[in-house]
Structures are given as structure tokens and as C-alpha cells.
Amino acid sequence: MKNKSVHRRSFIKTASIGAVAASQIVPSFAFSFQGSKQSGKLAALGGTAVRSNKSWPRWPYRDQNVLDEITKTTESGIWCRIQSKTGTVPTFEKKYAEMIGVKHCVAVGSGTQALHTSVEALGLGPGDEVITSPYTDPGTIAAILSARALPVLADIDRLSFQLDPDDVERRINKNTKAIMPVHMMGQAANMERFMQIAKKHKLFVIEDACQAHFAKYQGKMLGTIGDLGCFSHQSSKVLACGEGGNIIGNDDELMDRCFTVQNHGTSKRGRTETIGPKYRMNEFEGAILLGQLPTVMERHALRNRNAKYLTSKIKDIPGIYPQKLYEGTEEGSFYLYSMSYDKKLYNGTDRSIYLKALAAEGIGLSPYIKNGLHREPWVDNIISRKVYQKMYTAERLQQFKEEMVCPNCDIVCDEEMLMLWASGPLTGTLEDMDDIINALTKVYENRDQLSKV
Ligand SMILES: *Cc1c(COP(=O)(O)O)cnc(C)c1O
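Engineer: So what exactly am I meant to see when it comes to the sheet that holds strand 10 (residues 320-322) here?
Structural biologist: Strand pairing in a sheet relies on backbone hydrogen bonds, with the paired strands running either antiparallel or parallel. Ordered by their spatial adjacency, three strands build an open sheet running 10-12-13, and the pairing between neighbours is antiparallel. Strands with a single pairing partner mark the edges of an open sheet, and in this sheet they are strand 10 and strand 13 (417-421). Strand-to-strand, the axes of this sheet are offset by a mean angle of 30°, without reference to chain direction. One ladder, built from three bridges, connects strand 10 with strand 12 (residues 336-341); its direction is antiparallel. From the neighbouring strand, Y321 faces strand 12, where its bridge partner is S340. Sheet strands touched by helix 13 (residues 351-360): strand 10, strand 12 and strand 13. Its angle to strand 13, the strand with the most contacts, is close to 30°.

Engineer: Looking at this model, I keep getting lost on unusual backbone geometry. Mind explaining?
Structural biologist: Glycine aside, negative phi is the norm for most residues, and most peptide bonds take the trans geometry. Cis geometry marks the peptide bond from W59 to P60, where omega comes out at 0°. Residue placement: P60 occurs in the loop between helix 4 (35-38) and helix 5 (64-76). Positive phi is not limited to glycine here, since R148 has a value of about 60°. Checked against the element boundaries, R148 lands in the loop between helix 8 (138-146) and strand 3 (150-153).

Engineer: Sorry if this is basic, but what is going on with the nonpolar core here?
Structural biologist: The nonpolar side chains of a soluble globular protein tend to be buried, and buried together. Residues Y96, I100, I179, L239, W378, I382 and F400 are the most contacted members of the largest nonpolar core, which totals 55 residues. The set of elements that each furnish at least two residues to this core consists of helix 6 (88-100), strand 1 (104-108), helix 8, strand 3, helix 10 (191-201), helix 12 (283-314), helix 14 (378-383) and helix 16 (394-402). Of the residues forming this core, the biggest block, five residues, is contributed by helix 6. Among residues more than four places away in sequence, those in contact with Y96 are C105, H213, F214, F231, L239, N246 and I248.

The rules behind each value
- Residues numbered from 1 in each chain as written.
- Predicted model: local features only at pLDDT ≥ 70, side-chain atom pairs only at ≥ 80, totals over all residues.
- Heavy atoms only, no water.
- Pairing = 2+ DSSP bridges.
- Helix = DSSP H or I, 4+ residues; strand = E, 2+ residues; numbered from the N terminus.
- Axes fitted to C-alpha atoms, helices over the stretch in contact; angles between N-to-C directions.
- Contact = heavy atoms within 4.5 Å.
- Core = buried A, V, L, I, M, F, W, Y, C linked by side-chain atoms within 4.5 Å.
- Buried < 20%, exposed > 50% of the residue type's maximum accessible area, 1.4 Å probe, protein only.

Here it is in C-alpha cells:
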């Protein structure tokens, strides 16, 4: 926060001198700022848009190789993973594990299923508590609720949008069994702290890496740091097959249990051994994923290059702050590119108006998650249910509801989040990135017009 306030103050000073002076002091403006030279009028008020008649690269990614893999699977008649040990799903599991640098991978039907399988495989269930973030996909808590365990939500850090380790530690009690950090936007949560906390309190760590394929932190791929790591291959994610997911891990026995759980409780030895849903990935999903593997790292590199470029320019735009990253962050997946909006630097303009002005310039950013999960109706629903009333005391359920307070998450949802859905835009060109930067810059420079938008 300290650096930011210095930065804000120094800009206010330069901005008041005028645009020319500002461009001398902040050289990146001189390079990238073409939009408002052509039009000082916001497009929302009839000016010329920074970006028009251009589209972003299409998503989901597909090429001839993907189509060939689907055809091959269709012709082979091997449509289900148990028909062959060399089908697309077992092959994908092997290759993905190799790429991530982990011993085992078990593919399933979604990221939510991967997380639920992990919870079951670790033996968590009624009476157990798992601490996770309110700022995430509903699949994160669905995985915990499906096992009838209790998802306890801790607040997030306002600038990184990640689960706050201090608040997690405060919420640990004798029933707490696991922490589920979520790597939001495909950037590392504060894993160093979470692993320390887990060790101290003897907790499992399940990484929700559903957004974080191939992201690197302190020399390790995300998903390999905790006991288990879970990924999603839903259409929007960086490695997509419609609906799909996988679990990774290095523990032979635990990963064998993951296989058993997702295979309706039936092990690789052919014995039906435990409780488990049927979550097997089908071979067509495997084919689509396999078809993308040869080129996925090119797109990963492109996303990182473009994100780095965006960040280097956006940090000069007042009131817009790129997501805070933790020490040791090496590469992100850049499933999403996110920023904080500080309306104080925009004459108090509400984010919704700001977004409208940007959209008119041809750049669509999203407020992303509308409500943290602590503000959703499931909280009241579960405490009224028999299984929860039997497994948790009335006092605990009352306290659980009362402590569902996450003010940082609320302000991020209600006022501050600006999210660029990266799967299209971030696989574009540097000129595409300039459009984004120019639009943000133009709206800043013309912020006095925002009251009329
Ligand atoms: C997408 C996502 C999930 C759920 O994955 P699905 O494949 O949609 O079930 C869970 N957590 C996070 C953070 C996600 O982004």
C-alpha cells in the first residue's frame, strides 16, 4: 500500500501540470497513447472509439490436430477410458503429469469433480471443516459440500484477491482438517504461508489450481505444492475440452485412492472398495485435450508475454492496479488478467460507469464475481439440514453463520475488481495490448467527462 500511495501522489502532481508534462515524466504514455490524440472525447459521449471493428483471437482454441484426434477416437470405437490402457484419457494423464513434473494424474469430468474426489480421497466428510476462499467459482465449495463437510470461508487479500493466510489461521479449530487455497486468475496464492500453517496445525492442503495450469511459483508448478492439486478443463479455461478436470499428486497411495473414488469406488485391482461417484473423463474429452498439448505452451508463453507488457504499462495509469503477486511468482496461467479500480482517482465515478466508458472504447472488462460465496444462500440452506445439524453442534452452526464476514471480498466484488477475460485477448498481438492500454489511458485522461456517461 505504501508504494501505491506514493505513486498516486506523484501522479496527481504530474497530471495537474497537464498531459504534455505527464508524457515527459511517464514516458510510456508518449509511446502508447494514441487514442486520445485522435479524440479527446469519450466514445460513450460520441467520440471515436480506441478499438473498433477488430476481434480477439477466437476461443476455445482448436486446430487440425484437435480435429484429427477427435476423428481418431470416433473411428477407434474406444470411447470410454476403461476400454484401453492406451486410450486418450490414460495418455493425457501420463503426458500432463510429465509436463507438470508430478508422478500421477487422474482425469475426471470437471474441476469440481477433481476437488470433490480429492476431499473424499483424503477421507474428509461430515464433521470436518475445510477452510477456503469466498472469492472463487462455486465449484470450490461444491466439492466440500458434496462430501457433507463444512466449507469455512476466510477473507481475501484486497490487492492479490487471494485467500488471506492470517484470516485462515484465525478460523482453524479442532475440526479443521484441510485448507483449500485457490490460485485466483491463475496466479499463486501465498503457498509459503499456507504450507507453514498446514504443517503447524497438521492439515491437508488441496490446491484449487482450476485456473492455474502451468503457473510457476518458487520453482514449482502450482498444484504440486500441497497434498493434491486440482485443475479444470471447462471451456473457458486455458486447456479446455468443454467439461473436464484432473487431479495431480506425488503420493502413490493417495493418488491410487483418487482413481478409486472417481471410478465409483472401484479400484484398479477391480475391487469395489469405498464410497465414490462415477466421475470418469470420456475419451472424446481426452482427445480434445491431447490435441492441444503440442501447442499449449506456446499460448502459455504468449499470455505471459502479453500480460507482462500490459502490467508494465498499466502501472503508470493512476487508479488502476494490476493484481498483486506473491514473492516467488515466476509465471502465471493468465486465465484472467485482473486489476483493482480506485474510484477516488476518477472523481468518485462508480465502477459500472467506468466499465461503460471503457466498453464504448472497444475494451470490455468485467466486474467478475458479483458476490463472494459467503453472500450466497447455501449458508442458510445447509444449517437447516439434518446432516449438518447432526454432525455439528447448534452453537457451531450459529457461529459458522455469524462469522461469514469477509469485508475485503465485499469491496473487491462491489467496487474494485476489473477483470479482462484473458483467453481471447491475451492470446492476441502487442497491438491488441496497446488498444487495451490506450483505452484505459484515454478514460483516465478524460475522467472529467465520466459524470456525463
Ligand atoms: C472453473 C473453476 C472451478 C470448477 O471447475 P469446473 O471444471 O467448472 O467444475 C473451481 N475453482 C475455480 C477457481 C475455477 O475457476
